[in-house]
Every structure is written in C-alpha cells, then in structure tokens.
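These are the residues of each chain, in order.
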Amino acid sequence: VDLRWSPEHEAFRREARAWLAHHRPAWAAGRRVDGRLGDEDDETWALRRDWHRRMGEAGWLTLRWPAEYGGRGLGVAADVIWNEECARLGVPEPVNPAGLRLLAPVLLRFGSDDQRRRFLPGIATADCIWCQGFSEPDAGSDLASLRTRAVRDGGDLVITGRKVWTTLAERGDWMFALVRTDPHALRHRGISFVLLDLRQPGVEIRPIRQLGGGHGFAEVILDGARTPVANVVGDVNGGWTVAAAALEHERGSAGLANYVRFRRIFADLRQIVGDDPGAQHALARSLVDIEVFRANVLRSLSAVLRDEPPGPEASVTKLFWSEWYRDATDLALEVLGPAGRTFCAGERDWLVEYLDARAGTIYAGTSEIQRNVLAERVLGLPRESG
Ligand SMILES: Cc1cc2nc3c(=O)[nH]c(=O)nc-3n(C[C@H](O)[C@H](O)[C@H](O)COP(=O)(O)OP(=O)(O)OC[C@H]3O[C@@H](n4cnc5c(N)ncnc54)[C@H](O)[C@@H]3O)c2cc1C
C-alpha cells in the first residue's frame, strides 16, 4: 500500500474541507450528534435529515456511484478523504446508512437498471429512508434459518413473518429484507432479497425501548404485505449471495473515518484519565490499538482500490472498531467512577456511549461470528459442526 495521498487527492481534500467549512450545520455545535440513529427527538431528526439532503444534493454521498446514476465516478480514496474530513470536524453522519452503505452497493452490483433508477436517487437525498430486515426472533447469527415467507400471487409476492431489531423502522419508508421463497430448497438456496414499502396495510411497526431510553429499533410484523416480483434484487431464490455482499459492505465500511473519530474519542479519554497512574497502561494500550486498527484498514483498502468487494477480511475491521470502542468506554467509566454513572447533556455522555458500545459488538454480526468467519474463510480452519 502506498500510504501517501497523490496531489489529486490532496486537491480533493481541499475541496471537501472548503465545502464543509462553508456548509457545516451550525445547529450541531454543542449537541451530541453521533448517537444511535432513531433515538433522537423529532426536531434533531428533521435537522439531520436536511443536512443529509444538502450533502447528497452536493454529490458528497455518491462520490463512487457512476455518473449515469448521479455519482461522480471517483475511486474509494475520495470516499475515505470525505469521511475523514467529516469525522475531523465532527459533523453529523448521514441518516440513511442502510441505504447508502448496504443497499446502494448491492443495487449497483446486482440490481436491474430499473431498480437503480427508481431507488438510488432517494437514497442519496434521504427522501426514502431504508431499513435492513434481516434478523428474526429465531434467526440472528444463524440467518439462514429465517422463516419469513413470500408466496407468489400474480405479479406480486405476499409476505408474512416477523423481523426484529430493525434499526430506524419507525422513521423508515422502505425495507430491504430476506424472505423465504422456496420452503423446500436447502436453507441457503430458497431465500430472496426483496425491496418492500413499509407504508402499507400488512406492515406493523412495534418500537423496542432500549437500556439508554431510546427506541431506535423495532419489531416489524409482516402480515400479507405485498411487493411486486420486480422488486427482487438478483435472482428469485438467489438472495443469499446478495445478502452476503451487503454484510461484507456493512462490516468493512467503517474504515479510516472511524480512525479519525477514535482519535477524537481518545483525546477526550486522555483528558479524563489525566495522570491517574492506574489507568496509564490501559490508555497506552488504547492508543496502540487505534494505530493497529488504522494499519488494518489501510491493508483492506488495497483490495477495495483494486475494485474488489471487501471480502471476509472485512470481519477484521468490524472486530477491531467494535471492540476498541467498547474497551475505550469501559476505561472511561472506570476512571470516572460514580460520576460516570449518570447521564449528562452535552457533546460526550460517557454513560450513553458505554451502553451504545455494547451494541457494536452485536449488530452486523457478533464478535463470535466475526471470529468464526475469519477462522473458516480466511484462515481455512475446519468449519464448526452443527
Ligand atoms: C443496535 C442493534 C441494531 C441492529 N439493527 C439491525 C437491523 O437494522 N436489521 C437487522 O436485520 N438486524 C439488526 N440487528 C440485529 C443483529 O444483527 C443481531 O442481533 C445479531 O446478528 C445477533 O443475533 P441475535 O441477537 O439473534 O443473537 P444470537 O444469534 O441468538 O446469538 C446469541 C449469542 O450466541 C453467540 N453465538 C451464536 N451463534 C454462535 C456460533 N455459531 N459460534 C459462537 N457463538 C455464537 C452470539 O455471538 C451471541 O453472543 C441489530 C442489533 C443491534 C444490537
């Protein structure tokens, strides 16, 4: 990997920096804007959605999309630089992450031309908020055991089942979901990847209240919900391949921007640790781990620079960022003692972050599952039985 940026990249960085300096939202100053999406009040949501729209309309969220779909056709480096600049300033993240990071790459790779033209613009502008409908009450880590069924009725699929832990479902417009279209096929073979309008009879959203008080995710009950067969992405019964690609993007997408964000968190951590002798070792360890994370991200970037999909190695990135963040918030609460056990307003609430950080080791595949992926698909160790 060549670690230096080219003059073109540096010029692009200046362009991004200038745009952000001029357009960064004043309302975000002093507010906590990196909390879990969907937990915020309606006013903050509206402001964040508007900020997303402004970034989208200016083309910053679609840097890598081909020009024919409204993108700038740039390489992955542009995306990395843009995200670094956003993280450096701490501007709010886009509100349509499932659409941008999971569905858009999947549509560009597997979608029909019609699907791309219909759905990509709304992802970029946040006019259509997307949710990910993969998990079910008895299908989380073992996703292939999902039971939500879709039965053909003329040109439609009629869908019945339950999805759970669906982030942003209350604010969502559409969901991409995995459904079983052939109950007789082998587990991985009878699944399809469908796009489904959430605003229709036959869809009920039941919010789930969390430990930190928010309700950013929900259960989605599907009882005869309909979607045209034309909304299947990839082949009918071929959804597993599409889902696997989406998961790789989900795991690999938190790259160098997270590095910059973590350095900001580390700076705050260092302030509260001060010269507490008991915590110096853990603090040093935390810094070393961030640098190891950066090296790993740069290594996996070289595959993406060759235009290859992230691959199972994306699990390394996922493991690193989720466990680093969890350990950093553990350390903060340990150092703060009883003072860290109360919620506080302001830019960084360590208790909220401590609670949020647990979630990072679960969503997009738990740490145990990432280790299984690495063991079996990268290191070639024997597959687990059962
Ligand atoms: C904040 C948050 C947001 C989420 N958002 C979404 C969303 O938008 N859409 C969506 O579809 N899902 C979402 N999820 C769900 C998430 O993908 C699942 O929680 C996750 O896949 C784990 O599944 P599970 O909860 O059913 O746990 P289980 O699969 O039941 O696992 C329970 C425990 O057993 C361990 N375990 C399971 N199998 C193995 C194995 N083979 N080897 C070793 N250990 C194992 C797990 O690591 C875990 O510790 C979200 C979850 C969280 C926490």
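Residues numbered from 1 in each chain as written. Predicted model: local features only at pLDDT ≥ 70, side-chain atom pairs only at ≥ 80, totals over all residues. Heavy atoms only, no water.

Draft legend 1. Structural context of the overall build of the chain. Scanning the chain for helices and strands turns up 11 helices and eight strands. A compact globule built from 386 residues would reach a C-alpha radius of gyration of about 21 Å, and the chain, at 21 Å, matches this within 12%. Across its three principal directions, the C-alpha atoms of the chain cover 70 × 45 × 45 Å. Within the chain, the proportion of its 386 residues that are buried is 51%. Carbon and sulfur atoms form 52% of the exposed surface of the chain, whose accessible area is close to 18,600 Å². Between the centroid of the 50 positive side chains of the chain and the centroid of its 54 negative side chains there is a distance of 2 Å. (Helix = DSSP H or I, 4+ residues; strand = E, 2+ residues; numbered from the N terminus. Rg over C-alpha atoms; globule rule 2.2 N^0.38 Å. Buried < 20%, exposed > 50% of the residue type's maximum accessible area, 1.4 Å probe, protein only. Areas by Shrake-Rupley, 256 points an atom, 1.4 Å probe, with all protein chains shown as cover. Lys, Arg positive; Asp, Glu negative; His and termini not counted. Charge placed at Lys NZ, Arg CZ, Asp CG, Glu CD.)

Draft legend 2. Here's a closer look at the pattern of salt bridges. As enumerated under the stated definition, the model contains 30 salt bridges in all. With a shortest N-O distance of 2.7 Å, Arg13 and Glu85 are connected by a salt bridge. Of this pair, Arg13 sits in helix α1 (residues 7-23) while Glu85 sits in helix α3 (residues 76-89); the two residues are 72 residues apart in sequence, bridging distant segments of the chain. Pair check on accessibility: Arg13 and Glu85 agree, each one buried. Between Arg162 and Glu219 there is a salt bridge whose closest N-O contact spans 2.5 Å. Residue Arg162 is found in strand β3 (residues 156-167), and its partner Glu219 is found in strand β7 (residues 217-228); the two are separated by 57 residues along the sequence. Overall, Arg162 belongs to the partly exposed group, its relative accessible area being 43%. Ionic contacts of the salt-bridge type, sharing partners, join the residues Glu10, Arg13, Arg17, Glu84, Glu85 and Arg88 into one network. (Salt bridge = Lys/Arg side-chain N within 4 Å of Asp/Glu carboxyl O.)

Draft legend 3. Layout of the site of the ligand. Around the ligand there are 18 residues in total, and Gln132, Ser141, Trp165, Thr366 and Glu368 lie nearest to it. A distance of 2.7 Å separates a nitrogen atom of the ligand from a polar atom in the side chain of Ser135. At a separation of 3.2 Å, a nitrogen atom of the ligand approaches a polar side-chain atom of Asn372. Considered on its own, the ligand offers 970 Å² of accessible surface; in the complex 68% of this is hidden by protein. (Near = heavy atom within 4 Å. Polar contact = N/O pair within 3.5 Å; in protein donor to acceptor, adjacent residues only side chain to side chain.)

Draft legend 4. Here's a closer look at the packing of α1 against helix α2 (residues 42-57). Relative to each other, α1 and α2 sit at 145 degrees, their axes nearing to 12 Å. Considering how the two elements wind past one another, α1 and α2 form a crossing that is right-handed. On α2, the residues that touch Trp19, Leu20 and His23 of α1 are Trp51, Arg54 and Met55. Residues belonging to the contact of α1 with α2 are distributed by class as follows: four nonpolar, one polar and one charged. (Axes fitted to C-alpha atoms, helices over the stretch in contact; angles between N-to-C directions. Left-handed = near helix turned anticlockwise from the far one by under 90°. Contact = heavy atoms within 4.5 Å. Nonpolar A, V, L, I, M, F, W, Y, C, P; charged D, E, K, R; others polar.)

Draft legend 5. Region of the structure containing the environment of Asp127. With respect to the helices and strands, the residue Asp127 is situated in the loop between α5 (113-125) and β1 (130-133). Taking relative accessible area as the criterion, Asp127 reaches 47% and is therefore assigned partly exposed. Taking the C-alpha atoms as reference points, Asp127 and Gly214, separated by 87 residues in sequence, lie 23 Å from one another. Setting aside residues no more than four positions away along its own chain, Asp127 makes contact with Arg49, Arg53, Gly122 and Asp173. A distance of 3.1 Å separates the side chain of Asp127 from the side chain of Arg53, its partner in a polar contact.

Draft legend 6. Looking closely at the pairing of strand β5 (residues 191-197). The element β5 is largely enclosed, with a buried count of six among its seven residues. The pairing of β5 with strand β8 (residues 232-233) spans two bridges and is classified as antiparallel. Residue pairing across strands places Val194 opposite Val232, the latter belonging to β8. (Pairing = 2+ DSSP bridges.)

Draft legend 7. Layout of the packing of aromatic side chains. For the structure on display, the rule yields 17 aromatic pairs. Where Phe119 meets Trp130, the ring centres are 5.5 Å apart and the plane angle is 85 degrees; that geometry is what we call edge-to-face. With Phe119 in helix α5 and Trp130 in strand β1, this residue pair connects regions lying 11 residues apart in the sequence. Ring pairing ties together the aromatic residues Phe119, Trp130, Phe134, Trp174, Phe176 and Phe193, which thus form one cluster. (Phe/Tyr/Trp six-rings, centres within 6.5 Å; stacked < 30°, edge-to-face > 60°.)

Draft legend 8. Broad picture of the packing of helix α9 (residues 314-336) against helix α10 (residues 350-360). Contact pair α9 / α10: the axes reach a minimum separation of 9 Å and the direction vectors enclose 150 degrees. Of the possible angle classes, the one that applies to α9 and α10 is roughly antiparallel. α10 is crossed by α9, and the crossing has left-handed handedness. Counted together, Lys318, Trp321, Ser322, Tyr325, Arg326, Thr329, Asp330, Ala332, Leu333 and Leu336 of α9 and Trp350, Leu351, Glu353, Tyr354, Ala357, Arg358 and Gly360 of α10 form the full contact between these two elements. (Parallel < 35°, antiparallel > 145°, perpendicular 65-115°, else oblique.)

Draft legend 9. Representation of the environment of Arg152 within the structure. Locating Arg152 in the fold gives a position in strand β2 (residues 149-153). Placed 75 residues apart in sequence, Arg152 and Thr227 show a C-alpha to C-alpha distance of 9.8 Å. If we ignore the near neighbours within four places in the chain, the residues touching Arg152 are Leu157 and Val229. Of the polar contacts made by the side chain of Arg152, one reaches the backbone oxygen of Gly154; its length is 3.3 Å.

Draft legend 10. Up close: the side chain of Thr148. As for its placement among the helices and strands, Thr148 is situated in the loop between β1 and β2. Engagement of the side chain of Thr148 in a polar contact is seen with the backbone nitrogen of Arg162, the distance being 3.4 Å. Every residue in contact with Thr148, bar those within four places of it in the chain, is listed here: Glu136, Ile159, Thr160, Gly161, Arg162, Lys163, Leu178, Val179, Arg180 and Leu222.

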